[in-house]
Structures are given as C-alpha cells and as structure tokens.
Amino acid sequence: MKKALIFAITILMALSLVACNKVGKLYPIMDMDEDGISYKFYNANMDLAFDQAYDDVISYFEGDYAVVYKGNQIQIINKLGESLVSEDFDSVADINGDRAILNKAGKNILYDLKAQKALATYDYIKAEASGIFAYMDGGKWGYRNINEVIVEPIYDEAYSFGVNFAVAIKDGTPLKIDKKGEESPLDYEEVLKAGDSDYLIGLKDGQVDLLNADGEAIFTNIKGDIVDINYDMLVINQRVGGSIKSAIYSVKGKELVPADFDDVRLLSKKYFSARGNDGFALFKTDGTRLTDYKYSYLNADNFDSNGGIICSIRDDQAYFLDKNGVEIDAPTAEGTIDVKKDENFYIISTMNEVLYFDKDKNLVKTSLIPKPLEHLSYIIEDQKPYIFSKKLPAGTNQALNSAIDEITKDDRKIELSIHGDILYVTVKTAKGDPTFMFDISLPAKVELSDLFTESDMRDRLIAMSAFKDEADIKIVGFVLENDLDVYFKKGDEFLKEKFAYEDIDDYLDKDQATFFKSVLAPSINVGD
C-alpha cells in the first residue's frame, strides 16, 4: 500500500511538471475590477492561465517560476498557479533552475522547488542549478553538494565551480579547489569576480588576466579597464591620445572592435551600441555601423528567439529594427519608456501602461502601471474620494518616516494620490524627480476626510478657507508643497483652495514635517 501511494504521488508530480512545460510563456497583467487592482497571468493567446490574483509580481516567468505577493505572503508559484513553498520566509534571493534561495530571519535556505523541500540552511548560499555550491557558515565559506559537505567553511571567499575546479581565497591567498576538496596553489596575488559573470580577474605583478571559473588564464596582460563582460565578450576602456575610448575583445583575447568608440554597450553576440552626439547607433560586433546615432535605447536581448528583431526608442517612441538595422513596420506608442519583442508580442511600456501587440500589430492586451498621479483632483473624477486598503510588506511605515525626514529639506515636496485602491506618498525634488514613493497600508475602507484626524485642525482649515460660510463642507485631501492645496467636498462638488505654508505654520505652530505627521499618523502609524 505504501509503495502504491508513493508511486501515485510520483505520477501526480510528473503530470504536474509535464502540464507546466506545456503552458509556455506567461505574462503578468495588472487590471482593475470591483475587487480592486491585482495582477493575473495570461498565456500567449492572452487567455487567463489560472484563476489567481496577486497584489504584486516581484519576478515573473522567465523560466518555470514566478515570485508574487499575495496578502501578507510572498509566494513562489509554477505555471499552474500552484504555491510551491509551504514554510514561511521573508524574501527570495535567487532562483536558479529548480533551486531557490530563500531569506528567513537573516539566514539563507536552499529550497528544491520540484521536490518542494528545504535542502540546507546557512548564513549565505550561492545558488547553483545543480552540483556543488558555496555556502557561508560562521563568517567563512565552504563547499557542499546536496548530500554532503565537501569542504568545511574555512575560506574568506568562495567562487562557483567551473568544469573541474573552483577558486577560493584563504588567508588572502587564492587557491584552486577540486571536487574532492583538494587544494592546489593559484599563481596570483589576488583574484576577484568579474562582475555578474562566471569569469574571474587575476592580478599579479601589476598584470591583469581574465580567468575562467576553473582558474585558468584565458586572456592575459589586459591593457585598460574592463567595464563590461557579457556574451563572452569584454568592453575595455583604453586611453587613445588624450581621451578614453572603448574596444571590444573576445574573452580569449581576440580584438573584435578597436578602441574607437564612446560608451559601448554589448547587446548580444552579434550587436553592440555606441554613443555619439545625437544618441546611440547600432553596430555589428565586426565594427560595421548599421544606423545613425539617433536612438536613446537599443536592446537585442531576445534576438535569437524573436525572429531577429532589435528594439529601440527614438524621440520617446518605440521602433523595431531588422537584423540590418532597418526600422520595420511595427507598433509604436508616444511616451515609450521601455520596449521588448519576444516570440509572441511586441511589448511597449509607457508611463501609464504596458501594451501588448500581436504579430499582426493588433493591440491585444493592456496592463496598468501603478504610479502616483500629479494631483489628487485627477483621482476624484469618479466622485469616490476613499481608499481601499491593502496589507503591504513590513517596513513601509519605517520607510515613510525616512521620507518625512526628507520633507524638511528646502528642495523637497510631498504629494498624496490614489491609484485604484492604493494611497501613494511621493517625495520629489525641486526638479520634479521622484526620490521616494511609498504605498501606505491602511486598516480598512477610509474616507479621505478621515486622514485629517484632528477635528480642530480640519475646522481651522475650513475656517481659513473661502468656503467657511458654506454648510456641509468636508476636507477630502491635500497636496503639500511650498504651499498647501486643500481639496474640499460640498455635496457632489469638489473644490480646491491654496494656503500659504507660512500662514499655516503661524496659525498651527507646526513645522512642515510635524504638520504632515499630525494629519496622518493616527491612520497610517507613521511612528511604527
């Protein structure tokens, strides 16, 4: 009976895995309905993939898993919408293949998403899809696989394994470690990780070498500064005459493009961009220029899977280029801030929404982008000046406290706004650049007038206003900048009046930050 039960469970897990693999790519779409704002996942046909709604999407399905926020809980879900982690955790540090690194109470948990069980818990773990991984315990690094410890934690730093070896640092000395834990010397004074790549930088007698993960030198005596490494290529800044120019090399040391360019960005194995006076131009990695210098953004991330299309932004509009850099007939949108093309859609993001166009350039789906609106008056057009609460991650109010401290600076301003069911607090610089934005947790459905929790303050503001002789006047919101814009409601009519901050300060004897705290603190627990 026990064997039959185990066999049945195994079959169910296998069927679930097959079903997930058949689903294909999923897309997070934010929408608003009678229940408020939420994210749902849709497939390549823009049909609902599964009937689950989420408050936020932290990372979506680049592979088989997504990280979402639902209620008070972070979840890792598969393509069937199944939550895969039963135990509590604080956040997700990384997902690599079927392995996740979970953060909980200052520790890392290595979690097998396929088997749905914790494998190891340490101070810190470097996720590997399989095989040997590095872990920190008691301030030192060691190596282990799922079944056993290979090297006890004795190293100052431990890098990932290559084919046969890993590089570790012990007492300041670089060493090579084999898969049995045996050490051998590495002839470098210092070894550093090369950015986010699997490559390493070896330093010796003033010489800079590029090493693979096994610790083998593959590009020696590099001249200049390595500023990027991707797609098995390096961008190296070199001094040419009196200026700094960028060259491109293969990781094995072959010069692909000489040092003739400014601000080079690797886009794929076939393309890079470089900046000129009027923007970026597109180049092949043999140095052939394909376009004029006219783009503010170029992207070839999905080139091999999207039909050979390069994405770009020019004059705040989306443009799509073919493999020769020629702009093709494709969708576009004003105010574009991001653009992508995958195997299913042209995806254009503006400040307000994400637009999904199919291969025939038809708009098939629109996803909202929550953001603070400029003024509260834009939100009350539906005659519904209230907030629906959502529970948000711990620390929001502490973060708000930091923002409040910033308000006291001369070049800051604060705006309150509502988008759907979320109250946004935005602190901006004098230039209008957003420096802070927080969505605030409220306990229940709350009238905006309730934000002014001190009745005498509300009465005083009404008494100071041009509407002091009107009956049934209520305060429903405000925007605090150098002056205070107060929004009133009389019946179904909304009114606004501007108050000079100096008048408010004298009348209420409160500084700007204290004023803000006094009107909001009881509702949103600013002091927490």
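As a reminder, the structure under discussion sits directly above these lines.
What comes next is a walk through the structure. Since this is a predicted model, take the numbers as computed values, not measurements.

Here we take up the overall build of the protein chain. For the protein chain, the count of helices and strands is 5 helices and 42 strands. The 528 residues of the protein chain split such that 45% are buried. Partitioning the contacts of the protein chain with sequence separation of at least 6, the portion at a separation of at least 24 is 34%. As presented, the protein chain carries roughly 26,700 Å² of accessible surface, and 46% of it is formed by carbon and sulfur atoms.

Turning our attention to the pattern of salt bridges. Pairs can form between side chains of opposite charge once their charged atoms are near each other. Evaluation of the coordinates by the stated rule reveals 15 salt bridges. We note a salt bridge from aspartate 292 to arginine 289, for which the minimum N-O separation is 3.6 Å. In this structure, lysine 361 and aspartate 329 form a salt bridge, with 2.9 Å as the shortest nitrogen-oxygen distance. Here lysine 361, found in the loop between strand E33 (353-357) and strand E34 (363-368), pairs with aspartate 329, found in the loop between strand E30 (317-321) and strand E31 (336-341); they are 32 residues apart in sequence, far enough to count as distant. Judged by relative accessible area, which is 61%, aspartate 329 ranks as exposed. Three or more residues joined by partner-sharing salt bridges are found here, namely Lys294, Arg314, Asp315 and Glu327.

With that settled, consider unusual backbone geometry. Even without being glycine, aspartate 171 reaches a positive phi, approximately 55 degrees. Mapped onto the secondary structure, aspartate 171 falls in the loop between strand E15 (165-170) and strand E16 (173-178). The backbone of aspartate 316 shows a phi angle near 60 degrees, a positive value even though the residue is not glycine. Among the structural elements, aspartate 316 can be located in the loop between strand E29 (310-314) and E30.

Once that is clear, we can look at the environment of asparagine 72. The topology assignment puts asparagine 72 in the loop between strand E4 (66-70) and strand E5 (73-77). Separated by 17 residues in the primary sequence, asparagine 72 and aspartate 55 have C-alpha atoms spaced 9.5 Å apart.

We now examine the side chain of lysine 126. Relative to the assigned elements, lysine 126 resides in the loop between strand E10 (124-125) and strand E11 (133-137). Within the structure, lysine 126 has its side chain in polar contact with the side chain of glutamate 157 (distance 2.8 Å). If near-sequence neighbours (up to four positions away) are discounted, lysine 126 is found in contact with Phe133, Ala134, Trp141, Glu157, Ala158 and Tyr159.

Right, let's get into the sheet that holds E5. With antiparallel pairing, 3 strands are arranged side by side in an open sheet as E3-E4-E5. Looking at strand neighbours, the two that pair on one side only are strand E3 (56-59) and E5, the edges of this open sheet. The average undirected angle you get between the axes of adjacent strands in this sheet is 30 degrees. Relative to E5, E4 runs antiparallel, the two being bridged by 5 bridges. Counterpart to lysine 70 in the pairing with E5 is glutamine 73.

What counts and what doesn't
- Residues numbered from 1 in each chain as written.
- Predicted model: local features only at pLDDT ≥ 70, side-chain atom pairs only at ≥ 80, totals over all residues.
- Heavy atoms only, no water.
- Helix = DSSP H or I, 4+ residues; strand = E, 2+ residues; numbered from the N terminus.
- Buried < 20%, exposed > 50% of the residue type's maximum accessible area, 1.4 Å probe, protein only.
- Contact = heavy atoms within 4.5 Å.
- Areas by Shrake-Rupley, 256 points an atom, 1.4 Å probe, with all protein chains shown as cover.
- Salt bridge = Lys/Arg side-chain N within 4 Å of Asp/Glu carboxyl O.
- Polar contact = N/O pair within 3.5 Å; in protein donor to acceptor, adjacent residues only side chain to side chain.
- Pairing = 2+ DSSP bridges.
- Axes fitted to C-alpha atoms, helices over the stretch in contact; angles between N-to-C directions.

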